[in-house]
Amino acid sequence: MKYTQLGRTGLKVSRLVLGTMNFGPQTDEVTSHAIMDAALDAGLNFVDTANVYGWGENKGRTESIIGNWFAKGGERRDKVVLATKVYGNMGPDGEAWPNHDKLSAVNIRRAVDASLKRLRTDYIDLYQFHHIDRSTPFEEIWQAMDVLVQQGKILYAGSSNFPGYKIAQANETAARRGSYGLVSEQCLYNLFERRAEMEVIPAAQDYGLGVIPWSPLHGGLLGGVIRKQVEGGRRGSGRAPDTLADPAVRTQIQAYEDLLDKHGLEPGEVSLAWLLTRPGVTGPIVGPRTAEQLDSALRAVELELPEELLAALDEIFPGPGPSPEAFAW
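This text gives an overview of the structure that appears in the document. (Residues numbered from 1 in each chain as written. Predicted model: local features only at pLDDT ≥ 70, side-chain atom pairs only at ≥ 80, totals over all residues. Heavy atoms only, no water.)

### Some thoughts on the pairing of strand β7 (residues 154-160)
Thought 1: Of all the seven residues making up β7, six are buried; the element is thus mostly covered by neighbouring parts of the structure.
Thought 2: Relative to β7, strand β6 (residues 124-129) runs parallel, the two sharing five bridges. Along β7, the bridge assignment pairs Phe129 with Ser159.
Thought 3: As for the winding sense of the linkage, the β-α-β connection from β6 through helix α5 (residues 138-151) to β7 is right-handed.
Thought 4: Direction of pairing for β7 relative to strand β8 (residues 182-188): parallel, over a ladder of three bridges. Among the inter-strand pairings, Ser159 is bridged to a residue of β8, identified as Glu185.
Thought 5: Handedness of the crossover joining β7 and β8 through helix α6 (residues 164-177) is recorded here as right-handed. (Buried < 20%, exposed > 50% of the residue type's maximum accessible area, 1.4 Å probe, protein only. Helix = DSSP H or I, 4+ residues; strand = E, 2+ residues; numbered from the N terminus. Pairing = 2+ DSSP bridges. Right-handed = clockwise from strand over helix to strand, strands pointing away.)

Quick look at the structure:
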């Protein structure tokens with residue numbers, strides 16, 4: 001495994017992040033624990049979750065699965081950089097109860113204590129805002145976060161799904177307060193979806209945030225979906241086949257798969273390896289449902305993409321260009 005610093009911090013994290021969103025809804029606890037053990041054995045030390053994972057009436061289930069894994073001992077907790085998120089409604093009995101969501105000081109306090117209990121730990125390394133809160137000023141948010149840092153409940157703060165201007169607002173407010181501010185941004189970013197390059201990633205780089213891409217295969221679209229359809233003899237299900245219904249997208253993905261067939265490379269592994277070449281990227285989130293999927297993701301860390309292949313990928317999936325040149329002069 002290769003490691004890097006998380007943004008401007010001194011924290012060393014693996015260049016792959018173990019995403020746990022499937023733990024509970026799609027992967028049972030025994031298999032989830034086996035995947036986490038295999039990831040740790042491979043040196044993957046960065047684990048990402050969220051309080052809402054488990055979804056519906058099972059919100060919080062994923063954190064509980066991770067907490068049960070920590071409780072097995074073997075220095076699991078000490079070896080892991082643990083990240084979770086706050087924002088989604090965690091009201092009692094699954095109800096959308098007032099003040100049980102978003103980023104008010106009262107919800108941040110309630111949510112972190114609930115996450116700590118489910119995770120069976122006394123601190124969270126990286127506590128992330130799962131979305132922007134248009135109703136709560138950053139002065140209030142940072143006041144609440146500073147208290148958590150002082151109490152030792154969290155070490156760093158990060159964002160997810162923030163536009164560039166909100167990253168700037170958040171860290172300028174933090175600087176005025178003498179707070180450390182955001183150290184990471186978790187955003188949708190992959191070969192097919194590159195809009196983050198226009199403003200989000202430059203803002204993150206300027207403010208010293210590590211970029212953590214989620215959905216690196218874009219819901220399976222970049223994982224060899226057309227080949228799998230042909231081999232499986234059926235359309236499949238989910239977001240990738242639906243996206244392929246657009247003829248222009250299908251042509252683009254076919255060109256991508258044909259290019260990698262020529263080089264003898266696996267599409268999913270190339271998608272991850274490409275992200276590891278991108279400026280500002282700490283590491284993509286991989287969400288394996290099986291041990292085999294984890295093995296494939298781990299191979300991507302060692303994959304070296306030649307310049308000619310990178311150039312060909314840019315031709316198939318051109319980025320939006322920087323701001324403001326992408327929409328002005």
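Structure shown, so let's carry the discussion forward.
### As for the sheet that holds strand β3 (residues 17-19)
Thought 1: The strand order across the open sheet built from eight strands is β9-β8-β7-β6-β5-β4-β3-β10, with neighbouring strands paired in parallel fashion. In the strand order of this sheet, the two ends are held by β9 (210-214) and β10 (285-286), each with one partner.
Thought 2: Here two bridges tie β3 to β10, and the two strands are oriented parallel to one another. Directly across from Val17, in β10, lies its bridge partner Ile285.

### Description of the pairing of β9
Thought 1: With respect to burial, β9 is a largely interior element, four of its five residues being buried.
Thought 2: Judged from the five bridges that link them, β8 and β9 form a sheet pairing that is parallel. Counterpart to Ser184 in the pairing with β9 is Gly210.
Thought 3: Tracing the backbone out of β8, into helix α7 (residues 200-206) and back to the parallel element β9 gives a crossover that is right-handed.

### Observations regarding unusual backbone geometry
Thought 1: In this structure, Pro324 follows Ser323 across a cis peptide bond, with omega equal to 5°.
Thought 2: Following the sequence through the fold, Pro324 ends up in the segment after α13 (307-316).
Thought 3: One non-glycine residue, Trp55, lies in the positive phi region at around 60°.
Thought 4: On the secondary structure map, Trp55 appears in the loop between β4 (46-48) and α2 (61-70).
Thought 5: Residue Glu75 is not a glycine yet carries a positive backbone phi of 60°.
Thought 6: Within the secondary structure layout, Glu75 lies in the loop between α2 and α3 (76-79).
Thought 7: A relative accessible area of 53% places Glu75 in the exposed class.

Treat this as a map of the structure, not an account of what it does.
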